[in-house]
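Each chain, written out:
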Amino acid sequence: MLYHVLSSFMCFRFDAGTTWLQEVVYLALTEGDIASARAKPCYIRCPLLEDYRAQTKSIPHMKTPRLMKSHLPFEKLPTSTKDRDIRLIYIIRNPKDVAVSYYYFYQSLSELGNYTGTWNEFLQMYLNGYVMYRDWFTHIKGWWEQCTNHRVLIVSYEEMKSN
């Protein structure tokens, strides 16, 4: 059954198809229970591991299989995540598309100061890793090195879109 392959944990860069993958995996785990998906927002059903509020409020009360997400590079994941029999799904997307999406994300997020610089200035920040969770190339490299790990499934946004 699909949920044995797609259980427990997802990791990705920002703007790589995060919400779409969360919904697909959640529906696979719940055997297509759309009513339960509509009953709770995605950020409650699939909390962000780096969010302290989620760590203290929602994650401890989740039923198994737990579905969580993270934007962390592979090497920064908690050791317990790597030691247990937890399935990890990592979604990748064309770095050009991620950069454009990330640029608009940075402009819209007050926590990041509602970025007001130019596209060219942002692109230099992006390429040099001066954005949240490092540059795309370093972030993806750590995950790509795990492609032979039986607990890690790497999917691409482009592949999902073509299906």
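Residues numbered from 1 in each chain as written. Predicted model: local features only at pLDDT ≥ 70, side-chain atom pairs only at ≥ 80, totals over all residues. Heavy atoms only, no water.

Visitor: Which residues make up unusual backbone geometry, and what values go with them?
Guide: Here the phi dihedral of Glu31 falls at roughly 55°; this positive angle occurs in a residue that is not glycine. Note that Glu31 resides in the loop between helix H2 (18-29) and helix H3 (34-39). (Helix = DSSP H or I, 4+ residues; strand = E, 2+ residues; numbered from the N terminus.)

Visitor: If you had to explain the pairing of strand S4 (residues 152-156) to someone new, which residues and values would you point to?
Guide: Burial within S4 is extensive, with four of its five residues counted as buried. Note that strand S3 (residues 87-92) and S4 share five bridges and pair parallel. The residue of S4 that forms the bridge with Ile92 is Ser156. (Buried < 20%, exposed > 50% of the residue type's maximum accessible area, 1.4 Å probe, protein only. Pairing = 2+ DSSP bridges.)

Visitor: Got a sec to walk through the confidence of the model for the chain? Specific residues and values, please.
Guide: Per-residue confidence for the chain gives a mean pLDDT of 81; residues scoring 70 or more make up 88%. The element-level mean pLDDT for the chain is lowest in helix H1 (residues 2-5), coming to 33, with H3 highest at 94. Taken as a whole, residues 1-7 scores under 50 in pLDDT and shows 15 contacts with residues more than four places along the chain or in a different chain. (pLDDT = per-residue confidence, 0-100. Contact = heavy atoms within 4.5 Å.)

Visitor: So what's going on with the nonpolar core? Which residues, and what values?
Guide: With 21 residues, the main nonpolar core has Leu88, Phe122, Tyr126 and Trp143 as its most contacted residues. If you list the elements that add at least two residues to this core, you get S3, helix H7 (95-108), helix H8 (119-127), helix H9 (136-144) and S4. A total of five residues in this core trace back to one element, the largest contributor, which is H7. Leu21, Leu29, Ala37 and Ile91 belong to the second largest nonpolar core, which has 13 residues in total. (Core = buried A, V, L, I, M, F, W, Y, C linked by side-chain atoms within 4.5 Å.)

Visitor: Outline the pattern of salt bridges, supporting the account with residue identities and numerical values.
Guide: One side chain can pair with another of opposite charge once the charged atoms of both are near each other. Considering all chains together, one arrives at two salt bridges under this definition. Between Glu23 and Arg45 there is a salt bridge, with its nearest N and O atoms 2.9 Å apart. Within this pair, whereas Glu23 is found in helix H2, its partner Arg45 is found in helix H4 (residues 42-45), the two being separated by 22 residues in sequence. Measuring nitrogen to oxygen at the nearest pair gives 2.8 Å for the salt bridge that ties Glu145 to Lys141. For the residue pair Glu145 and Lys141, the accessibility class agrees, reading exposed in each case. (Salt bridge = Lys/Arg side-chain N within 4 Å of Asp/Glu carboxyl O.)

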